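Architecture and fold: a report
Spelled out, the chains give:
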Amino acid sequence: MNYNQAEFCIGAMKSGDFIRDGLPQLAFAGRSNVGKSSVINCLLNRKNFARVGSAPGKTSQVNFFRIGGALYLVDLPGYGYAKVSKQERERWGRLMEAYFASGLITTGVHIVDARHKPTADDVTMINWFKSTNCPVIVVANKLDKCKKSEIEPNLLRIRETLELAEDTVLLPFSAEKGTGVEELRRMLFEG
Ligand SMILES: Nc1nc2c(ncn2[C@@H]2O[C@H](COP(=O)(O)OP(=O)(O)OP(=O)(O)O)[C@@H](O)[C@H]2O)c(=O)[nH]1
Ligand SMILES: [Mg+2]
């Protein structure tokens, strides 16, 4: 699969905008600012393709990128950003619910922060993924910000808090350094 051939298709604001053409959809979700767009850029070996927010909570649409004419990477709006109005939060909830209920997701990529214990919102998110019955890969991003001695215990804490099945991949990752990117490409693009 040629991941260098990538194009932005649509930023969906409502369920009617979702692309329904039968190609696989790999959905990227995670807390605001955790690095969803950065992980996508890293995968595609691009600098600023999926927009990296200077202010958190910037991506408020469901962004569809078609890759190699073969599948979509779907950059979902982040959650858990405090300075968002109740109205905006409700809009987010409806949009996400519609996308998760659409049956369009074929693989989930849940991005969490390698430094921290997953939040209550992270637990809600992984449960949404589990409810789709699709395979999900958990990416522990910002690994470059962890001390070496923290990595193993942090990964264990993530696995336990999210109650990941034994066969669920938890991938240590750094979008900044490119750590884990080849493995993630293999899993997503050659799987
Ligand atoms: N050190 C470090 N910084 C990172 C990494 N990944 C992302 N960042 C930084 O984290 C910030 C947020 O990255 P984004 O990719 O915009 O995060 P996002 O999850 O798409 O954010 P929203 O779209 O607002 O939900 C940016 O300043 C990135 O440069 C990483 O692996 N290591
Ligand atoms: Mg983003």
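Attention here is on the structure that accompanies the text. (Residues numbered from 1 in each chain as written. Chains lettered and ligands numbered in written order. Predicted model: local features only at pLDDT ≥ 70, side-chain atom pairs only at ≥ 80, totals over all residues. Heavy atoms only, no water.)

Some thoughts on the packing of aromatic side chains
Counted by the stated rule, this structure contains 12 aromatic pairs. Ring geometry for Phe 49 and Phe 65: centres 5.2 Å apart, planes at 45 degrees, overall tilted. Of this pair, Phe 49 sits in the loop between helix H1 (36-43) and strand S3 (62-67) while Phe 65 sits in strand S3; the two residues are 16 residues apart in sequence, bridging distant segments of the chain. Phe 49 gets classed as partly exposed once you look at its relative accessible area, which sits at 21%. Between Tyr 99 and Phe 100, the ring centres sit 6.4 Å apart and the planes meet at 80 degrees, which makes this aromatic pair edge-to-face. Comparing Tyr 99 with Phe 100, the two get one shared label, buried. What links up through ring pairs into an aromatic cluster is the set Phe 18, Phe 64, Tyr 72, Tyr 79, Trp 92, Tyr 99, Phe 100, Trp 128 and Phe 129. A cation sits over an aromatic face here: Arg 46 above Phe 49, 4.7 Å from the ring centre. (Phe/Tyr/Trp six-rings, centres within 6.5 Å; stacked < 30°, edge-to-face > 60°. Helix = DSSP H or I, 4+ residues; strand = E, 2+ residues; numbered from the N terminus. Buried < 20%, exposed > 50% of the residue type's maximum accessible area, 1.4 Å probe, protein only. Lys NZ or Arg CZ within 6 Å of the ring centre and 35° of its normal.)

Quick notes on helix H5 (residues 181-189)
Among the residues of H5, Val 181, Leu 184, Arg 185, Leu 188 and Phe 189 are the ones counted as buried. Within H5, the buried residues cover an arc of 105 degrees as seen down the axis, which keeps them to one side. On its buried side, H5 packs onto strand S2 (25-30), H1, strand S4 (71-75), strand S5 (107-113), strand S6 (136-141) and strand S7 (170-172). (Arc of directions from axis to C-beta. Contact = heavy atoms within 4.5 Å.)

Focus: the sheet that holds S3
Strand order in the open sheet formed by seven strands is S1-S3-S4-S2-S5-S6-S7, and the pairing between neighbours is mixed. Among the strands making up the open sheet, the edge pair consists of strand S1 (6-12) and S7. On average, each strand axis in the sheet is inclined to that of its neighbour by 25 degrees, with strand direction left out of account. As judged from the five bridges shared by S3 and S4, these two strands associate in the antiparallel manner. Residue pairing for S4: Ile 67 is matched across the bridge by Leu 71. (Pairing = 2+ DSSP bridges. Axes fitted to C-alpha atoms, helices over the stretch in contact; angles between N-to-C directions.)

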